[in-house]
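Analysis of the macromolecular model
Residue strings, one per chain:
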There are 6 protein chains.
Amino acid sequence: MAGVEKKSRTLSRAERRRVAYHEMGHALVAASLPGVDPVQKVSIIPRGVGALGYTIQRPTEDRFLLAASDLRNRIAVLLGGRAAEQSLFDGDVSTGAADDLQRATEIALEMVTRHGMNTTVGQRTYAPSPQSYVPGAPTGAVQAADATAREIDVAVRDIISHAFDRAVDILKSRRADLDRGAEILLTRESLSAEDFPAIRPAKSEQHEAAPQHAPPATLVS
Amino acid sequence: MAGVEKKSRTLSRAERRRVAYHEMGHALVAASLPGVDPVQKVSIIPRGVGALGYTIQRPTEDRFLLAASDLRNRIAVLLGGRAAEQSLFDGDVSTGAADDLQRATEIALEMVTRHGMNTTVGQRTYAPSPQSYVPGAPTGAVQAADATAREIDVAVRDIISHAFDRAVDILKSRRADLDRGAEILLTRESLSAEDFPAIRPAKSEQHEAAPQHAPPATLVS
Amino acid sequence: MAGVEKKSRTLSRAERRRVAYHEMGHALVAASLPGVDPVQKVSIIPRGVGALGYTIQRPTEDRFLLAASDLRNRIAVLLGGRAAEQSLFDGDVSTGAADDLQRATEIALEMVTRHGMNTTVGQRTYAPSPQSYVPGAPTGAVQAADATAREIDVAVRDIISHAFDRAVDILKSRRADLDRGAEILLTRESLSAEDFPAIRPAKSEQHEAAPQHAPPATLVS
Amino acid sequence: MAGVEKKSRTLSRAERRRVAYHEMGHALVAASLPGVDPVQKVSIIPRGVGALGYTIQRPTEDRFLLAASDLRNRIAVLLGGRAAEQSLFDGDVSTGAADDLQRATEIALEMVTRHGMNTTVGQRTYAPSPQSYVPGAPTGAVQAADATAREIDVAVRDIISHAFDRAVDILKSRRADLDRGAEILLTRESLSAEDFPAIRPAKSEQHEAAPQHAPPATLVS
Amino acid sequence: MAGVEKKSRTLSRAERRRVAYHEMGHALVAASLPGVDPVQKVSIIPRGVGALGYTIQRPTEDRFLLAASDLRNRIAVLLGGRAAEQSLFDGDVSTGAADDLQRATEIALEMVTRHGMNTTVGQRTYAPSPQSYVPGAPTGAVQAADATAREIDVAVRDIISHAFDRAVDILKSRRADLDRGAEILLTRESLSAEDFPAIRPAKSEQHEAAPQHAPPATLVS
Amino acid sequence: MAGVEKKSRTLSRAERRRVAYHEMGHALVAASLPGVDPVQKVSIIPRGVGALGYTIQRPTEDRFLLAASDLRNRIAVLLGGRAAEQSLFDGDVSTGAADDLQRATEIALEMVTRHGMNTTVGQRTYAPSPQSYVPGAPTGAVQAADATAREIDVAVRDIISHAFDRAVDILKSRRADLDRGAEILLTRESLSAEDFPAIRPAKSEQHEAAPQHAPPATLVS
């Protein structure tokens, strides 16, 4: 979860509680979806530039290809933090999900404009508009007729909206875990799947022999 | 409240009255909304470049996260000056709110295009168009299909419009405070919450331990 | 009133008559609206680059804030020249109002896109498109969805159209003054409010103490 | 009338006939409209770069202001060549009117976007799009919402269309003069109002004293 | 007819047959339309960069003006190759007409945007968008409202479509000549109007005295 | 089939299976369409930058012209990999077809905007927008009215969609070959038409004498 960077980082009680639920939201959605990299650590200790908390996933194997379902799951994990905030604060979400939304947008845009994964938009690619090469402008327009650009916008919105609904549903059905996990997190500040078994992968999937070199961990803040 | 900068700053009686109501509008809306930084000082002494008056809010704690409700309240405070002018002058508003409108627009645009806080536009981010990197052009277009850009424009307009209506409602219900505060301001030129208790926060909220370093004050002109 | 610059400036009889009505139009509209700076001098002696006549207004005090009504009045004065031409020549207007139209457009655009003075467009600001920073291109597009840009265009058009109708109405009700003023102007070439009392402000408004430094005069050509 | 520039300029009999009618079309329309500069000379002798014929008008006085009716008449004169071709060749017009159309377009665009002479578009100015500053791109887009740009396009089209219809009507009612003038022109190659009285101004207008310096002649090719 | 340039140019039997019909299509359409420059030579010998065959027309006189009908005929000749391919291969056209289509597009665009030869678009000119000055981008957009740009696109399409239909009709009525000409061409590789009288101009037109310098030949590949 | 480039390339069992079906999809579609270059080799040995497998086609002769049917077949072959994935994984396609989609898009765009092969868009060319000259942006917008750009987008989509449906139909009717080929490929890692006769061209077409220099092979990854 991202926040404003300040020198002394003393969050208010309400802010720490929001961060704890946000991170636990990422972790529980990751633990509930098949094929998602397992959660290694969840923390509400501020870190680096602007991160008020983080969730680390460690892949069990290298991935060379990602299916549409994998990408949809990744988006759902990214939106798990926002989904937890929404449940807890009755819809009064915060600025802490900005990075999550941007990464989710990037994945959804790639699915639609590069991988042909939306039926309406079709199995063609769209060149990014050169305007999007501006630093700090990672999500952007494509070169298309306006009606086509609109179809792309709607497709991106639908992918994100469905992923968010799945995250909300998962957290609703696991509300006790969410509350319990956030409580532990507020006490201990960080925890692993050993400390809190609820964030272990739902089904102990059959993994192949571990890769010879360790794949890099994914960090969702 | 911003005005045209001139060497000798002798406002007419009508202009001073408008400035006093404008600043008192900011202060009373700030005092009426929960979670808004308390007003420290209100003044109609011209200051710096083009400011004909100002209102200073001093935060009681650092903020790392802002909820959608916090941002909506900030916009309402920014529009409090215009709302006071509108009530007083029967809708004949002035050029003195230009800076307030620009800051309100910037916050509303961030809510919609970066923080996913509008349901229609959805939980995705939009890259700012590179055209908006022009100096002096702080509010701008995003990279989106035209129908999507229109949804964003409508969402921004709605956020600002609702915040303005709230400011108008607050000032209507506190008209006596508005008139009395402006009158004192015209006499004394500046006042604090000690001088005029009506601008103290509505509910004495429970603040946590004061931050170790003093957070910077917010100045609304 | 602006015209084509030529070395020897000998206007035809018809052209001089048009210029006289045009300038008298500015002056009489200025004299008929409350709060407008009083007219000091009206002239049909060509001046500087391309000006075939001019009207000078001298403010009685510095202005730091302008109300929406003030800006609407300024536009009406600017359109007073065109309104006089229209009445006199049965709608066959000329190229002499180009500067007036451009200044009126600039004021109306500022009202709508910077000062939130149109209800439909709303109380937000619009960044000018960088395209408008081209020299000689003072009025321009803003960064907005096309439907929003159209609302802005319609709002600007409405402001100008209503101001023009007011100018036409004023001149219709003061047709005798218009004819008489133009006649004197054609004979004397220039006149002041002392020479022709009809261009004195309608109501002798109560002005405050004169400013210590003389505010600059406004010149409408 | 403009044509392709070639070293040896030997037009075919059909081409010379078309040029003669084209130039006589300019001259007769000019002679039939009030306030238009009188025709001094008509020629079908090729001249300069690409001109296959030309018509010279000599103004009787300097003009500092042009009324909307003057501009509409100028457009009608410019389209007189095309109108004559259309009558003669049963609608099979040629590439020889390209310069006429461009100049007519420029005048109509100025009327609509700079002089407020179209009721729908209104009395405001539109900045030319910076794109039109490209060399060789004299007619161009303005900065406006698309619906407004369309209104401008339609207004320009209407002005040109009405002017063309007037030119066609004039030539229809003066068909005998057109045929006779073209015949003389084919024989003599050039002629003046003395040679062919039909191209003298319709009404001997009352001109003021001739200007001290000779105004420049207008050349329509 | 244009093709991919390769070092050794050994076309397959099917390709040679396609080229022969394509060139004969140009030649027969040229021979069937009045006022079109007569065909001098037709060849299926590859030539220069990428040309797999060519048709040479030699004008009988210089042209300074081109009527709309002349331009429509030129487009029909350019599309004659594609029309022949379409008849022969049951609509399965090839990449060999790319240059023909580009030249036809350029002529049609000039007719509509520079010569006022389309009634809907009207007798005005449109400046090319500066975007079209890119090397290799000879056909391009104009500066106009979107609805106007669409009218231009439709007008260009209609001109080309009608010219293509005329070419198809001509070749349908002269199918025997088409088959016979292609057969001879496949045998001899090139032929002139002397070798194959069917490609002589339909009506021996009355030409004026031959120009003193030889006009350049037109080459359609 | 393209994937993410990594130093040690150890694909999971599921990924290898997907790659094998993907490549066999290319090969079987190529073998089933008339006039398509015959498949020489199919492999699931990773190669170069990011290629997880590849299919090599070797042309039997130089091609100077390509018919619309040839281009449609090429697109079908490119989409054969995606079609195989879709059948096998119940629609859960992967990121491995990105390069195939881009090349298919490029061919379809050329057909529509350069070769006049779509009836709605017509037989004209469209200049690519200069925006598409950005490195890494090979598919792009054209200069056209928005409604025309939309027709082009729809035409491209239709061409790709029909080609994909043909690939799906072919693989459905040859499902046994697809399963068998993938099985062999998973065991041997690469195979030729000798190893697996099902990927030989459907009809042993009559080829002319082999070209003197060997035409370059086509590689679909």
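Residues numbered from 1 in each chain as written. Chains lettered and ligands numbered in written order. Predicted model: local features only at pLDDT ≥ 70, side-chain atom pairs only at ≥ 80, totals over all residues. Heavy atoms only, no water.

A separate point is the overall build of chain A. Across its full length, chain A holds 5 helices and 4 strands. A burial count over chain A gives 57% of its 221 residues as buried. In chain A, the proportion of contacts linking residues at least 24 apart, taken out of those at least 6 apart, comes to 72%. Here chain A has roughly 9,000 Å² of accessible surface; of this, 50% comes from carbon and sulfur atoms. (Helix = DSSP H or I, 4+ residues; strand = E, 2+ residues; numbered from the N terminus. Buried < 20%, exposed > 50% of the residue type's maximum accessible area, 1.4 Å probe, protein only. Contact = heavy atoms within 4.5 Å. Areas by Shrake-Rupley, 256 points an atom, 1.4 Å probe, with all protein chains shown as cover.)

The description of two packed helices rests on the angle between their axes and on the distance between the axes. It is the contact of helix α4 (residues 146-173) of chain C with helix α4 (residues 146-173) of chain D, at a shortest axis distance of 7 Å, that shows an interaxial angle of 60 degrees. By the angle between their axes, α4 of chain C is oblique relative to α4 of chain D. Within the contact between the two elements, α4 of chain C uses Asp 146, Arg 150, Asp 153 and Arg 157 of chain C and α4 of chain D uses Asp 146, Ala 147, Thr 148 and Glu 151 of chain D. Here the residues of the contact of α4 of chain C with α4 of chain D sort into 1 nonpolar, 1 polar and 6 charged. (Axes fitted to C-alpha atoms, helices over the stretch in contact; angles between N-to-C directions. Parallel < 35°, antiparallel > 145°, perpendicular 65-115°, else oblique. Nonpolar A, V, L, I, M, F, W, Y, C, P; charged D, E, K, R; others polar.)

Let us look at the side chain of Arg 157 of chain F. Inspection of the secondary structure puts Arg 157 of chain F in helix α4 (residues 146-173). In contact with Arg 157 of chain F, other than residues within four places in its own chain, are Thr 120, Val 121, Tyr 126, Thr 148 and Glu 151 of chain A together with Arg 150 of chain F.

Here the focus is the packing of aromatic side chains. Considering all chains together, one arrives at 0 aromatic pairs over all chains under this definition. Above the face of the Phe 89 of chain D ring, Arg 18 of chain D is positioned so that its terminal group lies 3.9 Å from the ring centre. Over the aromatic face of Tyr 126 of chain F sits the side chain of Arg 124 of chain F, whose NZ or CZ is 4.0 Å from the ring centroid. (Phe/Tyr/Trp six-rings, centres within 6.5 Å; stacked < 30°, edge-to-face > 60°. Lys NZ or Arg CZ within 6 Å of the ring centre and 35° of its normal.)

On to the side chain of Thr 95 of chain A, then. By the secondary structure assignment, Thr 95 of chain A is in the loop between α2 (68-88) and α3 (98-113). Ignoring anything within four residues of it in the chain, the contact list for Thr 95 of chain A reads Ala 2 of chain A together with Leu 65, Leu 66, Leu 71, His 115 and Met 117 of chain B.

Our focus in this paragraph is helix α1 (residues 13-32) of chain A. Its 20 residues place the ends of α1 of chain A 29 Å apart at the C-alpha level, agreeing with the 28 Å of an ideal helix rising 1.5 Å per residue. The element α1 of chain A is largely enclosed, with a buried count of 16 among its 20 residues. (Expected span 1.5 Å × (residues − 1).)

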